[in-house]
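Summary of structural features
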Amino acid sequence: MENTHIVKKFDKNLDKLKARILEMGELVLHQVEDATAMLGAFDPVEVDRILQLDLTVNGLHKEVHDRAELLITRRQPLAVDLRQTLAPINIAGELERIGDHAKSTAKRGRILCRSSTEETVLEMIRQMSTKVQEMLFDVLIAYTNDDIELAAKVRMQDKEVDTLNKNLVKSVINILDSQASGNSESLIQLTLVSRNFERIGDHACNIARYVHQISTGEDLKASI
Amino acid sequence: MIDLTKKAGFGLDQRHRAEQRFQWAGKLAIATSLLFLLVMVGSIVTDASGVLRQTQIAVDLDLGPENVNPSNPQAASYGRIVKSSLRDMFPEVTRRKDKKRLYNLVSPEGSFEIAAMVTDNPALLGSVQTLWLTASDDLDLFLRGKVDISLPPKQRRISDAEITWIKILEDGGQLRRVANWGFLSSGDSREPEIAGILSALIGSAFSLAVCFALSFPIGIGAAIYLEEFAPANRISDLIEVNINNLAAVPSIVFGLLGLSVFLGVMGLPRSSPLVGGMVLALMTLPTIIIAARAALRSVPPSFKEAALALGASPVQAVFHHVFPVAMPGMLTGAIVGMAQALGETAPLLMIGMVAFIVDIPDSVLEPATALPVQIFLWADSPERAFTEKTAAAIIVLLIFLICMNLIAILLRRKLEQRF
Amino acid sequence: MVDPIISARGVDIFYDTKQALFDVDLDILPNKVTALIGPSGCGKSTFLRAINRMNDLIPSCRVSGSLTIDGQDIYDPAVDVVALRAQVGMVFQKPNPFPKSIFENVAYGLKIHKLSPSKSELQDRVEWSLQNAGLWNEVSDRLDQPGNSLSGGQQQRLCIARAIAVQPKVILMDEPCSALDPIATAVVEDLIDSLRKEYTIVIVTHSMQQAARISQRTAFFHLGTLVEFGDTKTIFTTPKDERTQNYITGRIG
């Protein structure tokens, strides 16, 4: 919005809300990146740090919620303002879930390190991770700039993640079918990790929907 | 530390002093005006106090058949009877000049008093009766100590001989002082001891009644039309300016108008309260219109709006909602106008209400005079006793005014609606 | 689609030479609450007052274009303004009960229009009006007391009772709650919502929240033009015009 509010504090409040979301997004992005790194080279200290980070993310989630609540009480926002106030509550929720998935990924890294892992599958997971990180980054940019087109692009990318996930499951099944390998546990864990990334993609996609809703007031949940 | 004392600056000392100065100036102004009022009322009341009582003198009158024909008592010369009785009381008085002074002890109206008493009570006829007659104003003044005896006899209205007679009469119990109801119940007279206020009072009441009956409905009607219905254009502006100007026109001009139009053109009876009231109504109209318009303007427009929005016609809206609320204010304006009219002399002089009128008017068409004119006439008379009458008439005028205001206040209280 | 009860086409309103309203097209649907919003001096009150010709009180006011109620032109010379106002009631910003008793306040409209010939009928109508205005239970035992002895909110409901007593088709409300506290406002808003079943209501309000709460249709006026008109939900969530957006979100437009 190029027009500023008559009440200057209103703009500041909205800006702060946005800043918290971006802060949260950045943390979560790092969480995902770091958790992915844990899959190949496990580091218990790093895992603890990631788990610790999740608490910060949860704290931010609460702060966003409180700020939004206060803003509604004080300013009674309407139209685009209302969506700019309500969307962060949902976006923060999505980000918090992404953080949970990152946490879960990092935890699974602990189990994976006990046995040898299938490198091809791991590579596919890394690919997925890169993809969702890209989506997450883009959707945060889209949110910052109210960029509906970028948000639409993110929503389209979700399909790629889904495809990657499906391919991974297929290859795991193939491996399990073809050989009686001893690392079936790690394969299943990797499938679950893959599912985490697939969910992260979904959450990023949801955020993209919220970005679209803020600008247009149109709820895409029922469509695409 | 915040200084909350007088030393805090802000020119506090000076401001407080200015405040004190103003308050003292105000108190002084009120005290001065109260003092003036007190002096005025005090002097009027002291002057008027003499009118409360009158002196009567007991005279033995021979009302035998040789003096009064019982079949026609009105034809008798009571003046002669009084004079002979007085002569009998003071046989030593022989000189003509002294006799005249002796007769002067009893009011010249004494003979009419006897005639009235005889008419009321024919049993008095046929023998010698002792009757109380009104004493002359000079005797009355002397008894009340208003005559300066230290002056040489030529400079006072009462001679040494008279003083002796009065002393004798007083000692013989032949003088008494009684309440002077005659002042309130009789008309004007050349003789101050007899002169009363009633004809002027009735004349004023009639004039004001005519004035109110004409100016109130016309004034209120004009005000309502101008304020609520008249289109806002040049003509309305012109009318408004003229009404405001009329309120400032000297009242004598209205008197001239009355003289030429009401008496000259319309030929209405001269000196009558009808014409007086009409002239006063002319004078009062602008005041009433201006006050009524102000009262109408002070009614919140929301009442009218609400009524119109309910579908009331403009006349209904005004008469159901604006008029009742404005009524007390209009009444106040009308009373102010009436009070002005009551005190007005000049226009009444022009239409002949200044005539000497003894009879009490029975209708608005009979000649009458008015209170302020009566006051003017009495103040103009040479007899000393008329000074007291003047003061008393002023008090009657003031009481009349207070009564009018009282009625107005009561009406207001009854009509006033809280909103 | 329901036929509109009031329909404005190309309405221009002038005060002397100053134009207050420019080419307004607006359809007001029956049994709906239509809110007129906009900054002060935007012409919304002018438009409201044009509907029952309260503008006639201002000599310099001139209306052109077509403004019809139930198909009849309000400004047709054949239209009697008294008959029009009997059909189009009005409630004002400041509660303005007459300085008379509560009963007389409600009965006034019935009396001047001679709608209740008998005394018992009059009493029934007054009770009915007060009941529909949600005031009966509060005042039934003191109908003879002055209307202005009531609280502000009660006074405003008394004014509504007075307006509905003559059973108009349309009730115009000019900021009816701006002088009331939040509780009284809530009661009046609830009343407006229940009156919608019987009457068509057009309300001018400065409170966007109020417009959003009680109206089904909202019109946004700006500088004498009708900028946007549509479902209240749409106006307050996704206004199409940027001026509307700026106004309702409190932005410098």
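What you are looking at is a predicted structure, and each value in this text was computed from that prediction instead of being measured.

Focus on the overall build of chain C
- Looking only at helices and strands, one finds 10 helices and 10 strands in chain C.
- Expected size for 253 residues packed as a compact globule is a radius of gyration near 18 Å; at 18 Å, chain C falls within 12% of this value.
- The burial tally for chain C puts 55% of its 253 residues in the buried class.
- Pairs at least 24 apart in sequence give 66% of the contacts found in chain C among residues at least 6 apart.
- When the accessible surface of chain C is summed, it comes to about 10,600 Å², and 50% of that surface belongs to carbon and sulfur atoms.
- For chain C, the distance from the average site of its 26 positive side-chain charges to the average site of its 29 negative ones is 2 Å.

Structural notes on the sheet that holds strand S7 (residues 170-174) of chain C
All names here are of chain C.
- With mixed pairing, six strands are arranged side by side in an open sheet as S6-S7-S8-S3-S9-S10. Pairing within the sheet leaves two strands with one partner each, and these edge strands are strand S6 (88-91) and strand S10 (225-231). Averaged over all adjacent pairs, the angle separating strand axes in this sheet is 20°, with direction ignored.
- Across five bridges, the pairing between S7 and strand S8 (residues 200-204) is parallel. Within the sheet, the bridge partner assigned to Ile-171 lies in S8 and is Ile-201.

With respect to the confidence of the model for chain C
- With 99% of its residues at a pLDDT of 70 or more, chain C shows a mean pLDDT of 91.
- Predicted complex, confidence summary: ipTM 0.89, pTM 0.78.

Focus: unusual backbone geometry
Residues and elements named next belong to chain C.
- Phi is positive for Asp-16, which is not a glycine, with a value near 55°.
- Relative to the helices and strands, Asp-16 is located in the loop between strand S1 (6-15) and strand S2 (18-28).
- When its relative accessible area of 55% is taken as the criterion, Asp-16 is described as exposed.

Some remarks on helix H13 (residues 314-342) of chain B
- With 29 residues, H13 of chain B should reach 42 Å at 1.5 Å per residue; the first-to-last C-alpha distance of 36 Å falls well below that figure.
- Its maximal kink placed at Phe-323 of chain B, H13 of chain B deviates by approximately 50°, while the proline Pro-324 of chain B follows within four residues.

A few points about the packing of helix H5 (residues 148-178) of chain A against helix H6 (residues 184-216) of chain A
All names here are of chain A.
- Look at H5 against H6: their axes get within 9 Å of each other, and the N-to-C directions meet at 165°. Comparing the axis directions of H5 and H6 gives the class roughly antiparallel. Note that H5 runs across H6; the crossing there is left-handed.
- Split by residue class, the contact of H5 with H6 holds 16 nonpolar, eight polar and seven charged.

Considerations on the sheet that holds strand S2 (residues 128-134) of chain B
Residue and element names in this part refer to chain B.
- Taken together, three strands build an open sheet; the order of strands is S2-S1-S3 and the sheet is antiparallel. Edge positions in the open sheet fall to S2 and strand S3 (175-179), since each of these has one partner strand only. Across this sheet, the average inter-strand angle for adjacent strands is 35°, counted without regard to direction.
- Sheet analysis places strand S1 (residues 53-62) next to S3, joined by five bridges and oriented antiparallel. If you follow Ile-57 over to S3, its bridge partner there is Leu-175.
- Packing of helix H2 (residues 78-89) onto the sheet brings it into contact with S1 and S2, and relative to S1 it is tilted by some 85°.

With respect to the interface of chain A and chain C
- Tallying the contact residues gives 16 residues for chain A and 14 residues for chain C.
- Regarding the contact of chain A and chain C, the summed buried area is about 1,200 Å², with carbon and sulfur atoms giving 50% of it.
- A per-residue breakdown of the area chain A buries against chain C is headed by Asn-3, Leu-78 and Ala-79 of chain A, which together make up 41% of the total.
- Taken together, the connections running from chain A to chain C amount to one salt bridge.
- Linking chain A to chain C there are seven residue pairs in polar contact (both at pLDDT 80 or more).
- With five residues, helix H3 (residues 79-112) of chain A is the largest single contributor of residues to the side of chain A that touches chain C.
- Here the residues of the side of chain A that touches chain C sort into six nonpolar, seven polar and three charged.

Cut-offs used in this document
- Every chain's residues receive numbers from 1 upward, in the order its sequence appears when written.
- Each chain takes a letter, starting from A, and each ligand takes a number, starting from 1, following the order in which they are written.
- Only residues with pLDDT of at least 70 get local features here, since the model is predicted, and only at 80 or more are side-chain atom pairs given and counted; chain-wide, interface and lining totals rely on the full set of residues.
- The side-chain figures draw on all heavy atoms in the structure; neither hydrogens nor water molecules are used.
- In this text, helices come from DSSP runs of H or I with a minimum length of four residues, and strands from runs of E with a minimum of two, each type numbered from the N-terminal end.
- Note on method: radius of gyration uses C-alpha positions; expected globular size equals 2.2 Å times residues raised to 0.38.
- We call a residue buried when its accessible area falls under 20% of the maximum for its residue type, exposed when it is over 50%, and partly exposed in between, using a 1.4 Å probe and counting protein chains only.
- The contact rule is simple, with two residues in contact once any of their heavy atoms fall within 4.5 Å.
- Only the protein chains shown count as cover for residues, and all accessible areas are computed by the Shrake-Rupley method using a 1.4 Å probe.
- Counting rule applied: Lys, Arg positive; Asp, Glu negative; His and chain ends not counted.
- By convention, charge coordinates are those of NZ in Lys, CZ in Arg, CG in Asp, or CD in Glu.
- In this description, strands pair whenever DSSP reports at least two bridges between them.
- Note on geometry: axes are C-alpha line fits, over the in-contact stretch for helices, and angles between N-to-C directions span 0 to 180 degrees.
- A residue's pLDDT is the predictor's confidence in that residue, given on a scale from 0 to 100.
- Expected span, for any helix, means 1.5 Å times one less than how many residues it has.
- Note that bend, as reported per residue, equals the angle between axes fitted to the 7 residues terminating at that residue and the 7 residues originating from it.
- Here roughly perpendicular refers to angles of 65 to 115 degrees, roughly parallel to angles under 35, roughly antiparallel to angles over 145, and oblique to all remaining angles.
- Less than a right angle of anticlockwise turn of the near helix away from the far helix marks a crossing as left-handed, whereas a clockwise turn marks it as right-handed.
- Basically, the charged four are Asp, Glu, Lys and Arg, the nonpolar ten are Ala, Val, Leu, Ile, Met, Phe, Trp, Tyr, Cys and Pro, and anything else, Gly included, counts as polar.
- In this description, buried area is defined as the sum, over both parts, of the accessible area (probe of 1.4 Å) that is lost when the two are combined.
- A carboxyl oxygen of Asp or Glu within 4 Å of a side-chain nitrogen of Lys or Arg is what we treat as a salt bridge.
- Identification of polar contacts relies on pairs of N or O atoms within 3.5 Å, with a donor-acceptor requirement for protein atoms, meaning one able to donate a hydrogen and the other able to accept it, and with residues adjacent in sequence counted only if both atoms are side-chain atoms.

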